[in-house]
Amino acid sequence: MKSFLNEDFLLETKTAQRLYHEYAAGLPIIDYHCHLPPDQIAGDINFKNITQIWLNGDHYKWRAMRANGVNEAYITGDKSDWEKFEQWAATVPYTLRNPLYHWTHLELQRYFNIHEILSPATAKRIYDECNEKLQSPEYSVKSLIKNRNVEVVCTTDDPLDNLAHHQKIKQDAYSVKVLPAFRPDKAMEANDTKALNAYISKLESITGESIPDFNTYLAALKERHDYFAENGCSLSDHGLEHLYAENYTELEIKIIFTKIRNEQPLTPDEVAQFKSAMLYYFAVWDQEKGWVQQYHLGALRNNNTRALSAAGPDTGYDSMGDFSQGKALSKFLNKLEAGNKLTKTILYNLNPADNELMATMAGNFNDGSVAGKMQFGSAWWFLDQKDGMIKQINALSNMGLLSRMVGMLTDSRSFMSFPRHEYFRRILCNLFGNDVENGELPNDIAWTGKIIRDICYYNAKNYFDFDKVK
């Protein structure tokens, strides 16, 4: 029997072990999509305790605690940090076969060198040991990032952000590149014209220009897009239920925008037309600058309205959706391709039923100009666990070129999530190792090892070309 979480964790064969330890383990991390708060990086803070760095904002853990019968006061409520940690420790033994069990103990090992199993019996000892270490300079957020061999971090930022924290990080000459990514979801959220109108008014105050019509709105957003580029941004990101590709005329969009400015409700068709237009303009700007555009598709958000009212968004009440993805995605990408406006693109899928759809759709728009120009992105959110990663890898292997994949990302708000890259790398090496030992791939360790290294690091390094960002 193998011991839990030993050095060969998830590596079932000798070949898998060799591939991981000799080719994957020591590679730097390019975390090209996450939600880390740049203000905390700029301030290089030390968290007061393990609860604040580990549980605050982690809706994965919150969902598990609720399922385990933990009262909300111990999750997002006003109980003390120790009491919240205590309840998490009581929940962990019940997370067997949930990826949280692996992540919890992997993070305790990698960051704190703690190899005990977290439980009510060990909770206080682990809590005190972690808290003591967290006060040392080696556990400031910059040190936590650097010590996991991270080379690049891309945060997720609204167009209205002044990027002052990114500027400070750069001025401080931090060895890890921390770059913004342009996330304009709020700028196109026409479902709520009052909220969108308030957003436009904030944009007016930032640009110092009146925005009475659609053309001035586009000009103001383009100015923000340019500003992000001046501050090292070379990626955009969109979190959508599905792509929007409705037919529209410029006149129709101008009329819709006037209704928005007057805080008049829009019809569902008008909302879809406005979102379609905005997505197209964002994509054109991305292509003009040579950016990479990312589309996270398929989340059904804020399902529990009572909980949303009490705790707000991004607190663990989202799920997979079952949206129709194919036709609109094809139409949207084809419109860009037809006008020679399609930049490098990553598609992330949240419903595993759509894995093969996404993998084959990406293949429709490769043009030979860049290896892996169109990417079926890594397993995302509810799928970034062992089973989900394997399914994504297999779909991409069967329908495209896994060898050109740009690897894993954290998509996390936690400074302790970087071991997810290790988790992915171990799973990847295990799949290749098993195929070699089963005679399904040749026993050419040097070439297979090169493919492993490319997927884990070098493909992303070449695809994003962050080295050009000074």
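Numbering of residues begins from 1 in every chain and follows the order in which that chain's sequence is written. This being a predicted model, a pLDDT of at least 70 is required before a residue's local features are given, and a value of 80 or more before pairs of side-chain atoms are given or counted; all residues contribute to the totals for chains, interfaces and linings. Hydrogens and waters are ignored; side-chain quantities use all the structure's heavy atoms.

Section: the packing of helix α4 (residues 59-67) against helix α6 (residues 99-112)
Then, in step 1: Only the stretch in contact is used when fitting a helix axis, every axis being a line fitted to C-alpha atoms; angles between N-to-C directions are given from 0 to 180 degrees. To qualify as a helix, a DSSP run of H or I must reach at least 4 residues; to qualify as a strand, a run of E must reach at least 2; elements of each kind are numbered from the N terminus. The interhelical angle for the contact between α4 and α6, taken along N-to-C directions, is 125°, at an axis separation of 11 Å. Taken together, α4 and α6 sit at an angle that is classed as oblique. When the axes of α4 and α6 are compared, the crossing they make is left-handed. Contacts between α4 and α6 involve Tyr60, Lys61 and Ala64 from the first element and Leu100, Trp103 and Glu107 from the second.
Then, in step 2: Here the residues of the contact of α4 with α6 sort into four nonpolar, no polar and two charged. Put simply, angles under 35 degrees are roughly parallel, angles over 145 are roughly antiparallel, angles from 65 to 115 are roughly perpendicular, and the rest are oblique. Left-handed describes a crossing in which the near helix is turned anticlockwise from the far one by less than a right angle; the clockwise case is right-handed. Two residues qualify as a contact provided that any one of their heavy atoms is within 4.5 Å of a heavy atom in the partner residue. Gly counts as polar in this scheme, as do all residues outside two lists: the nonpolar Ala, Val, Leu, Ile, Met, Phe, Trp, Tyr, Cys and Pro, and the charged Asp, Glu, Lys and Arg.

Here's the deal with the sheet that holds strand β5 (residues 292-297)
Then, in step 1: In space, the four strands of this open sheet follow the order β4-β5-β8-β9, with parallel pairing throughout. Edge strands, defined here as strands with exactly one partner in the open sheet, are β4 (235-240) and β9 (374-376). On average, each strand axis in the sheet is tilted by 15° relative to the strand beside it, whichever way the strands run.
Then, in step 2: Pairs of strands are assigned from DSSP output, requiring at least two bridges between the strands. Bridge count between β5 and strand β8 (residues 344-349): six bridges; the pairing is parallel. Among the inter-strand pairings, His296 is bridged to a residue of β8, identified as Tyr348.
Then, in step 3: Sheet strands touched by helix α19 (residues 445-464): β4, β5, β8 and β9. Its angle to β8, the strand with the most contacts, is close to 130°.

Looking at the environment of Asn113
Then, in step 1: By secondary structure assignment, the location of Asn113 is in the loop between α6 and α7 (123-134).
Then, in step 2: A relative accessible area of 56% means that Asn113 is categorised as exposed.
Then, in step 3: Through-space distance from the C-alpha of Asn113 to that of Cys130 is 9.6 Å; in sequence the pair is 17 residues apart.
Then, in step 4: Looking at Asn113, its side chain comes within polar contact range of the side chain of His115, at 3.1 Å. Exposure classes here rest on a 1.4 Å probe applied to the protein chains alone. A residue is buried below 20% of its type maximum, exposed above 50%, and partly exposed in between. In protein, a polar contact means a hydrogen-donor-capable atom and an acceptor-capable atom, both N or O and within 3.5 Å, with residues adjacent in sequence counting only if both atoms are side-chain atoms; elsewhere, any N or O pair within 3.5 Å suffices.

Structural notes on the pattern of salt bridges
Then, in step 1: A pair is scored as a salt bridge if a Lys or Arg side-chain nitrogen falls within 4 Å of a carboxyl oxygen belonging to Asp or Glu. Throughout the structure, instances matching the rule amount to 24 salt bridges.
Then, in step 2: Here Glu116 ties to Arg125 by a salt bridge, and the two come within 2.6 Å at their closest N and O atoms.
Then, in step 3: In this structure, Asp314 and Arg413 form a salt bridge, with 3.7 Å as the shortest nitrogen-oxygen distance. One end of the pair, Asp314, is in the loop between α14 (305-311) and β7 (319-320); the other, Arg413, is in the loop between α17 (386-399) and α18 (419-437), and 99 residues separate them in sequence.
Then, in step 4: Since its relative accessible area comes to 34%, Asp314 is described here as partly exposed.
Then, in step 5: Under the relative-accessibility criterion, Arg413 is labelled partly exposed at 34%.
Then, in step 6: Three or more residues are tied together by salt bridges with common partners; here these are Arg110, Glu422 and Arg426.

A word on the packing of aromatic side chains
Each aromatic ring pair is specified by the distance between its two centres and by the angle formed by the two planes.
Then, in step 1: Here a pair means two rings of Phe, Tyr or Trp (six-membered ring of Trp) with centres within 6.5 Å. Their orientation is stacked below 30 degrees between planes, edge-to-face above 60, and tilted elsewhere. Applying the stated criterion across every chain, the model contains 26 aromatic pairs.
Then, in step 2: Taking the centre distance of 5.1 Å and the plane angle of 45° together, the rings of Phe85 and Tyr127 count as tilted. Of the two residues, Phe85 sits in helix α5 (residues 81-91) while Tyr127 sits in helix α7, which places them 42 residues apart along the sequence.
Then, in step 3: The class for Tyr127 is buried, based on a relative accessible area of 9%.
Then, in step 4: The structure contains a cluster of three or more aromatic residues connected by ring pairs, namely Phe214, Tyr217, Phe257, Phe274, Tyr280 and Tyr281.
Then, in step 5: Only lysine NZ and arginine CZ atoms are considered, and such an atom sits over a ring when it is within 6 Å of the ring centre and within 35 degrees of the ring normal. A cation over an aromatic ring shows up here: Lys124 above the ring of Trp82, its NZ or CZ 5.8 Å from the ring centre.

What about empty space enclosed by the protein?
Then, in step 1: The rule is simple: put a 1 Å grid over the protein atoms alone, call a set of points where a 1.4 Å probe fits but cannot get out a cavity, call an open set with protein on both sides within 12 Å along at least five of seven lines a pocket, and count a residue as lining if it has an atom within 4 Å of a point. Grid points are joined across faces, edges and corners, and a volume is the space filled by probe spheres set on the points. One pass over the full model with this rule turns up six cavities of 30 Å³ or more.
Then, in step 2: Of the volumes computed, that of the largest cavity is approximately 70 Å³.
Then, in step 3: In terms of lining, the largest cavity is formed by Trp54, Asp58, Tyr60, Lys61, Leu100, Trp103, Thr104, Glu107, Ser412, Ser414, Ser417 and Arg420.
Then, in step 4: Broken down by secondary-structure element, the contributors of at least two residues to the lining of the largest cavity are α4 and α6.
Then, in step 5: If you tally residues by element for the lining of the largest cavity, the top one is α6, at four residues.
Then, in step 6: Tallied by class, residues from the lining of the largest cavity come to four nonpolar, four polar and four charged.

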